[in-house]
Amino acid sequence: FYINDFDKARQHIQEVVDQTKPGSAFNYVEGQTQADAPLINSEYGGISAGLGDQDISWSFKYLTNELRRHDKICGYVYTELSDIEWEHNGFVNYDRSPKEFGYDFWHEGFTVADLNSPDFVALDSGPIVMLERGKEASIPWSISHFSDHEATMLYLRWRIRGIDQFGEWGATDWMFADAEWEPYRVKQQSPLKLVLSESSKMRIGVVEMELMDETEVLAKNFVNLIGKLSALPRQEAIDANTMAVRFNPGDFAEWTFAGEPPSRDGISSEKAAGRGAGAAVYKLKLPDGWPIDKLASITVLIELAGRAGDEKLDWPARKKDVDYPQTDTTKSPSDVVMTVNGQRAAAFTLPDDPADARGMLSHHHGLQGSYGFLKRIQIKGEAISAIREDLKGDQLLELRLTVPNDAKHPSGLALFGERLGCYPVAPTVLLAFDEPHGLPELFESDEPVAKRATK
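Residues numbered from 1 in each chain as written. Predicted model: local features only at pLDDT ≥ 70, side-chain atom pairs only at ≥ 80, totals over all residues. Heavy atoms only, no water.

## Some remarks on unusual backbone geometry
Phase 1 of the analysis: In the Ramachandran plot, Asn27 falls in the positive-phi region, its phi being about 70° despite a non-glycine side chain.
Phase 2 of the analysis: Take Asn27: it is sitting in the loop between helix 1 (6–19) and strand 1 (39–44).
Phase 3 of the analysis: Assessed through its relative accessible area of 73%, Asn27 is described here as exposed.
Phase 4 of the analysis: Backbone geometry at Arg96 places phi at a positive 70°, although glycine is not the residue there.
Phase 5 of the analysis: With respect to the element layout, Arg96 can be found in the loop between strand 2 (73–78) and helix 3 (103–106). (Helix = DSSP H or I, 4+ residues; strand = E, 2+ residues; numbered from the N terminus. Buried < 20%, exposed > 50% of the residue type's maximum accessible area, 1.4 Å probe, protein only.)

Here it is, written out as structure tokens:
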């Protein structure tokens, strides 16, 4: 089967398991029924030959986990080890160069090998667990034990790691659960219970699980988490001296990259991308009453990537509209210059236009796992003095991101909002003042600050 949809794949696998039994005519030619033949999946994948050159990391993990949950399934065969001319869903590329799966971003050291380990922690959940603050969530799990290892002290350790609105990680201490296994069986365990507290700053995260024998790690797995949160406020007092303004990637005032400008509506507006050289300009109207004359520094926090074209495809002659190659050794770096109100803030090279399991938020919305790199650019000193003077008139903060025409690496630009990419971070400008800004510390507003271009 080739199903790139968790719910449909889960339903299909369950149907096969339920119908597989002695005397069943399911999946047999007319006149034949099953005896005691083992149930083995002969081939599977989330990306079929007709789906072009896409990331397989996300679908491979949840499909393999589903197959390993079922005691009746004795084995499986993933569709192919390497890409071929007309099918690009291998573990490695056509030339055998490696692909990046990105699992270790969520759980250190986790690789494809952990999903195929003889012993495995199988999760009875989708690839993402949605959490509602203050309410308990349950994660059923089981142990698939197909090694010859005999444990002396078997247990599970697990913890939650999460990312907040500023891209900062936090983690709980390790917690522990009893575990019991049976050789060559899949054995259910007591579900894990977790609660996202009302005070937690986590917006997205992961539950890391490791099956232990004393101090030895026998098997690993993880499941991603999304906290059910409202959209981040467009204006917010972070503390007594710091204000934040946020905008959406689709709220550009100017867009000079070639081709159609990005969408301004819906989830697609949270990724604005263009190829080649060009500029994206955002004009943010700072609210009246903010003490601009006391502005001490500006920090820009934003998730960015390059935007590749056909150069990352194994076989450009077989190009499809849905192509978005998985991260691999072929990179597409892009040189970017950032200015704020005409003052040069930074110049940097974005490493690539990646797509893999790190782009959890994009996968969650069906956008192939594309994501960027979180940049924190701080501006202070003489540049701040010039920006202060410029703001005294209309209090309009202009953020310009340019891929110059003469750039060594003119591979476009992609900006990500809080619901797409890797980080739950809206493009944010943090303004720090020399003295308290005078607004309530818990001040926040959904009033937009970005001034869009008009036709």
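## Comments concerning helix 6 (residues 382–391)
Phase 1 of the analysis: If you check which residues of helix 6 are buried, you get Ala383, Ile384, Ile387 and Leu391. Each buried residue of helix 6 lies within a common arc of 95° when the element is viewed along its axis, so the set occupies one face. Exposed and facing more than 90 degrees away from the buried side of helix 6 are Glu382 and Glu389.
Phase 2 of the analysis: In this fold, the buried residues of helix 6 make contact with strand 19 (295–305), strand 20 (334–340), strand 21 (343–350), strand 22 (373–379) and strand 23 (396–403). (Arc of directions from axis to C-beta. Contact = heavy atoms within 4.5 Å.)

## Comments concerning the pairing of strand 18 (residues 278–285)
Phase 1 of the analysis: Among the eight residues of strand 18, six are classified as buried, and the element is accordingly described as predominantly covered.
Phase 2 of the analysis: Across two bridges, the pairing between strand 16 (residues 254–255) and strand 18 is antiparallel. Paired with Trp255 across the two strands is Ala280, which belongs to strand 18.
Phase 3 of the analysis: Note: strand 18 against strand 23, eight bridges, orientation antiparallel. When the sheet's bridge partners are listed, Ala279 is paired in strand 23 with Thr402. (Pairing = 2+ DSSP bridges.)

## What about helix 1?
Phase 1 of the analysis: A rise of 1.5 Å per residue sets the reference length of helix 1, with its 14 residues, at 20 Å; its end C-alpha atoms lie 20 Å apart and thus fit the reference within 8%.
Phase 2 of the analysis: Every buried residue of helix 1 is listed here: Phe6, Ala9, Ile13 and Val17. Around the axis of helix 1, the buried residues are gathered within 70° of arc, so they sit on the same side. For helix 1, exposure combined with an orientation more than 90 degrees from the buried face picks out Asp7, Lys8 and Gln11.
Phase 3 of the analysis: Against the buried residues of helix 1 lie strand 1, helix 2 (57–68) and strand 2.
Phase 4 of the analysis: Where helix 1 begins, the side chain of Asp5 points an oxygen toward the backbone nitrogen of Asp7, at a separation of 3.2 Å. (Expected span 1.5 Å × (residues − 1). Polar contact = N/O pair within 3.5 Å; in protein donor to acceptor, adjacent residues only side chain to side chain.)

## Some thoughts on the packing of aromatic side chains
For any pair of aromatic rings, the description consists of the separation of the ring centres together with the inter-plane angle of the planes.
Phase 1 of the analysis: What the rule picks out here adds up to 24 aromatic pairs.
Phase 2 of the analysis: Centre to centre, the rings of Phe91 and Phe101 are 6.2 Å apart; their planes meet at 45°, and the pair counts as tilted. Note that Phe91 is positioned in the loop between strand 2 and helix 3 and Phe101 in the loop between strand 2 and helix 3, a separation of ten residues in sequence. The residues Phe91 and Phe101 share a single accessibility class, namely buried.
Phase 3 of the analysis: Arranged with centres 4.9 Å apart and planes meeting at 90°, the rings of Phe105 and Trp106 form a pair that is edge-to-face. (Phe/Tyr/Trp six-rings, centres within 6.5 Å; stacked < 30°, edge-to-face > 60°.)

## Some remarks on the sheet that holds strand 6 (residues 141–145)
Phase 1 of the analysis: Strand order across the open sheet formed by three strands is 3-6-10, with antiparallel pairing between neighbours. Single-partner strands in this sheet number two, and they are strand 3 (119–123) and strand 10 (185–188). Direction aside, the axes of adjacent strands within the sheet are offset by 25° on average.
Phase 2 of the analysis: Alignment of strand 3 against strand 6, held across five bridges, turns out to be antiparallel. Residue pairing in the sheet places Leu123 in a bridge with Trp141 of strand 6.
Phase 3 of the analysis: Along the sheet face, helix 2 touches strand 3, strand 6 and strand 10 and points at about 100° away from the line of strand 3. (Axes fitted to C-alpha atoms, helices over the stretch in contact; angles between N-to-C directions.)

## What to know about the nonpolar core
Phase 1 of the analysis: Counting 44 residues, the largest nonpolar core has Phe60, Tyr103, Trp106 and Met360 as the members making the most contacts within it.
Phase 2 of the analysis: The leading source of residues in this core is helix 2, at five residues.
Phase 3 of the analysis: With residues up to four places along the chain from it excluded, the contact list for Phe60 reads Tyr44, Tyr78, Phe91, Tyr103, Val112, Leu115 and Asn116.
Phase 4 of the analysis: Ranked by size, the runner-up nonpolar core spans 43 residues in total, among them Ala272, Val300, Leu304 and Leu413. (Core = buried A, V, L, I, M, F, W, Y, C linked by side-chain atoms within 4.5 Å.)

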